[in-house]
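Results of the structural survey
Chain residues, written in single-letter form:
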Amino acid sequence: MTETVDCIVIGAGVVGLACAAALAKAGREVLVLEAAEAIGTQTSSRNSEVIHAGIYYSAGSLKAELCRTGKEMLYAYAADRGIAHKRSGKIIVASADAQLARLEEIKRAAAANHVTDLRDLDAAGLTALEPALVGVGGLFSPSTGIIDSHGLMLALEGDLTNAGGMVVLHTPVRSGEAMDSGIALTTGGDRPMRLIAETVVNCAGLSAPSVARSIAGIPSDAIPAAYHAIGHYYRLSGPAPCTHLVYPVPEPGGLGIHLTLDLGGQAKFGPDVRWIDEIDYRFDDSRFAEFLAAIRRYLPDIDADRLDPDYTGIRPKIVGPGEPAADFRIDGPERHGVQGLVNLYGIESPGLTAALAIGDYVSAMLRR
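None of these values were measured; they are calculated from a predicted model.

Here we look at the packing of aromatic side chains
Summed over the entire model, instances satisfying the criterion amount to five aromatic pairs. Ring centres of Tyr233 and Tyr311 lie 4.4 Å apart, and the angle between their planes is 15°; on these two criteria the pair is classed as stacked. Of this pair, Tyr233 sits in strand S14 (residues 227-236) while Tyr311 sits in strand S19 (residues 307-317), placing them 78 residues apart in sequence. Tyr311 shares its class with Tyr233; the two are buried. Where Tyr234 meets Phe291, the ring centres are 4.6 Å apart and the plane angle is 55°; that geometry is what we call tilted. Of this pair, Tyr234 sits in strand S14 while Phe291 is found in helix H7 (residues 288-296), placing the two residues 57 residues apart along the sequence. Exposure remark for Tyr234: the relative accessible area of 1% places this residue in the buried category. Accessibility expressed as a relative area gives 2% for Phe291, which makes it buried. Taken together, the ring pairs in this structure connect Tyr234, Phe283, Phe288 and Phe291 into an aromatic cluster. The ring centre of Tyr281 lies 4.0 Å from the NZ or CZ of Arg46, which sits over that ring.

Quick word on the nonpolar core
The biggest cluster of nonpolar side chains holds 45 residues, and the ones touching the most others in it are Val15, Val30, Leu156, Ile330, Leu344 and Ile358. Elements supplying a minimum of two residues to this core: strand S1 (2-10), helix H1 (14-25), strand S2 (30-33), helix H2 (62-81), helix H5 (149-162), strand S21 (341-345) and helix H9 (351-367). Residue contributions to this core peak at nine residues, all from H1. If near-sequence neighbours (up to four positions away) are discounted, Leu344 is found in contact with Val15, Cys19, Val201, Asn202, Cys203, Ala208, Arg329, Ile330, Ile358 and Val362. Core analysis: the next-biggest nonpolar cluster, separate from the first, contains 42 residues, Leu133, Phe140, Leu245 and Ala294 among them.

What about the pairing of S21?
Among the five residues in S21, five count as buried, and that is most of the element. Side chains Leu341, Asn343 and Tyr345 project from S21 onto one buried face, and the interleaved Val342 and Leu344 project onto a second face that is buried too. Examined bridge by bridge, strand S20 (residues 329-331) and S21 share three bridges and lie antiparallel to one another. Along S21, the bridge assignment pairs Ile330 with Leu344.

Regarding H1
The periodicity of an α-helix, 3.6 residues per turn, causes residues three or four places apart in sequence to face the same way. With twelve residues, H1 should reach 16 Å at 1.5 Å per residue; the first-to-last C-alpha distance of 16 Å fits that figure. Turning to H1, its buried residues number three or more, namely Val14, Val15, Gly16, Leu17, Ala18, Cys19, Ala20, Ala21, Ala22, Leu23 and Ala24.

A look at the sheet that holds strand S8 (residues 145-147)
Strand order in the open sheet made by the three strands is S3-S8-S4, with antiparallel pairing throughout. Looking at the sheet topology across the chains shown, the edges are occupied by strand S3 (50-51) and strand S4 (85-86). Here S3 runs beside S8; their pairing, made up of two bridges, is antiparallel. For Val50, the partnering residue across the bridge sits in S8 and is Ile146.

Notes on unusual backbone geometry
Between Gly270 and Pro271 the backbone carries a cis peptide bond, its omega angle lying at -10°. Secondary-structure assignment places Pro271 in the loop between strand S17 (267-270) and strand S18 (274-276). You will see that Glu49, though not glycine, has its phi angle at about 60°, which is positive. Of note, the phi angle at His114 is positive, near 65°, even though the residue is not glycine. With respect to the secondary-structure elements, His114 resides in the loop between helix H3 (100-112) and strand S6 (119-122). Classification of His114 as exposed rests on a relative accessible area of 57%.

Quick look at the packing of H1 against H5
Two elements in contact, H1 and H5, have axes whose closest approach is 8 Å; the angle formed by their N-to-C orientations is 25°. Taken together, the axes of H1 and H5 lie roughly parallel to each other. The hand of the H1/H5 crossing is left-handed. Within the contact between the two elements, H1 uses Val14, Leu17, Ala18, Ala20, Ala21, Ala24 and Lys25 and H5 uses Leu152, Met153, Leu156, Glu157, Asp159 and Leu160. A per-class count over the contact of H1 with H5 returns ten nonpolar, no polar and three charged.

About the cut-offs
Residue positions are given per chain, counted from 1 along the sequence in the order it is written. For this predicted model, a pLDDT threshold of at least 70 governs which residues receive local features, and a threshold of 80 or more governs which side-chain atom pairs are given and counted, while totals over whole chains, interfaces and linings are taken from all residues. For the side-chain quantities, the full set of heavy atoms in the structure was used; hydrogens and water were omitted. Aromatic rings from Phe, Tyr and Trp, with only the six-membered ring used for Trp, were paired whenever their centres fell within 6.5 Å, and each pair was classed as stacked if the ring planes differed by under 30 degrees, edge-to-face if by over 60, and tilted otherwise. Helical segments are the DSSP runs of H or I of at least four residues, strand segments are the runs of E of at least two, and each set is numbered from the N terminus. Throughout this description, buried means an accessible area under 20% of the type-specific maximum (1.4 Å probe, protein chains only), exposed means over 50%, and partly exposed covers the range between. Charges are assigned to positions over rings by a cutoff of 6 Å between ring centre and Lys NZ or Arg CZ, combined with an angular limit of 35 degrees from the ring normal. Here, nonpolar core means buried Ala, Val, Leu, Ile, Met, Phe, Trp, Tyr and Cys residues that are tied together by side-chain atoms lying within 4.5 Å of each other. Note on definitions: a residue-residue contact is assigned when non-hydrogen atoms from the two residues lie within 4.5 Å. What makes two strands pair is DSSP finding at least two bridges between them. Between the first and last residue of a helix there are one fewer steps than residues, each counted as 1.5 Å, and that sum is the expected span. The convention used is that axes are lines fitted to C-alpha atoms, helices contributing only their stretch in contact, and that angles between N-to-C directions extend from 0 to 180 degrees. Here the word oblique covers every angle except those under 35 degrees (roughly parallel), over 145 (roughly antiparallel) and from 65 to 115 (roughly perpendicular). Crossings are assigned a handedness: left-handed for a near helix turned anticlockwise from the far helix by less than a right angle, right-handed for a clockwise turn. Put simply, Ala, Val, Leu, Ile, Met, Phe, Trp, Tyr, Cys and Pro go in the nonpolar bin, Asp, Glu, Lys and Arg in the charged bin, and everything else, Gly too, in the polar bin.

Nothing here speaks to function; it is all geometry.
Right under this line is the structure:
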C-alpha cells in the first residue's frame, strides 16, 4: 500500500523532534518515522545533557551560530515548559602552563562568537570557586548549564502532536527514491509501507549517511562518510567534589573527560574518545587507569573506588581520527539536487543545545 504525506522526518531524537515541531508549527503535516522502540534512544539520551555556551567553535560556522542562538532558545523554552534545567556554570581548567595559550585561543573564539561572559581564573581563583580543583589557570562560563534531555524531547513531541503531527515507532526506513512527484520511502518494521512525501528531513543521527545512501537519486559524492567515536561515562558515588561543571582543555575528537552534574547533584565523568567501526554500546572498562589519570590532572584526590561504570554514547562524526573537527552539515537541494530533501549530518555536540535553532533553520530552509 502506498500513502501520500506532506512531510516526513526520519529520526525521533532531539533534533528530529525539534525539526518536526518547527515544521508542524509552520503549518506542515508532519510524520516522524523512528526505527527504535522509543524516542531519543541513541545520541539524544547518551550524552552529558549540557547546555553549551558556544565558545569552542569557528566563527561563522553552523555550530557557532546555532549553538549560541539555540542556548538562549533552550533556556527560554525550558523555563516556559517547566523542563528541569539549571545554569550551573562551567570551569575550563588548564593543568599545565603549556595549556594557558589554549585558554587564550578559547577566549578569542568565544569573543568571535559573541560570547562575552567568560571570566579569567588564576590558580587562586580556581581554588576559590572549587577547593578540590588543581590547575594553573582557567576560564569560567556562567551561561553553561544542564537540562533534562528526556523532558525536553517529551515537550517537543507534545508540540508536534498538538500541531497535528505524530511519531511512528518501530518504523525504520529501508530504501527510497527521488521522483518528480516527491520522495518515496519504503519502511520496515511490523507494518511495512511505501510513503510518498513532498518533503523529507533526514535526522537519523548515527544512521543519517546510510539512510541517504538508501535513497536513489542522491549523488553519492554529496553524502559524507560516517565515523563513530564512542565515549564512556563513570558515575561517582557519594557527594560530588564540585558544584560547577569542570572541563579540561579540549582534546582532539572531543572536549576531554569532564565532570558534569545531573539535576540531583550526582556527579559523573566522561566521555573519553575511542574510534569504533560499528554501533556497539557495550561498556569497555579496560582503560579505566587512563580515564582515572585524566580526571586526576584536575581533581588529584578523586577516590578510584567511588567510580562505577555508567553508560556509553556514540558521536555521529563525518570526519575520522586526526582530521580537523567538522561543522554541522545541513544539506538542502542546492547541495544534492533533490527537491524537498534536507539531510542533517554530523550533528554531534552541541546538537542538544542547538536543537531548537536547528529546527527553525530547517523550517526556514524549506520555506525558501
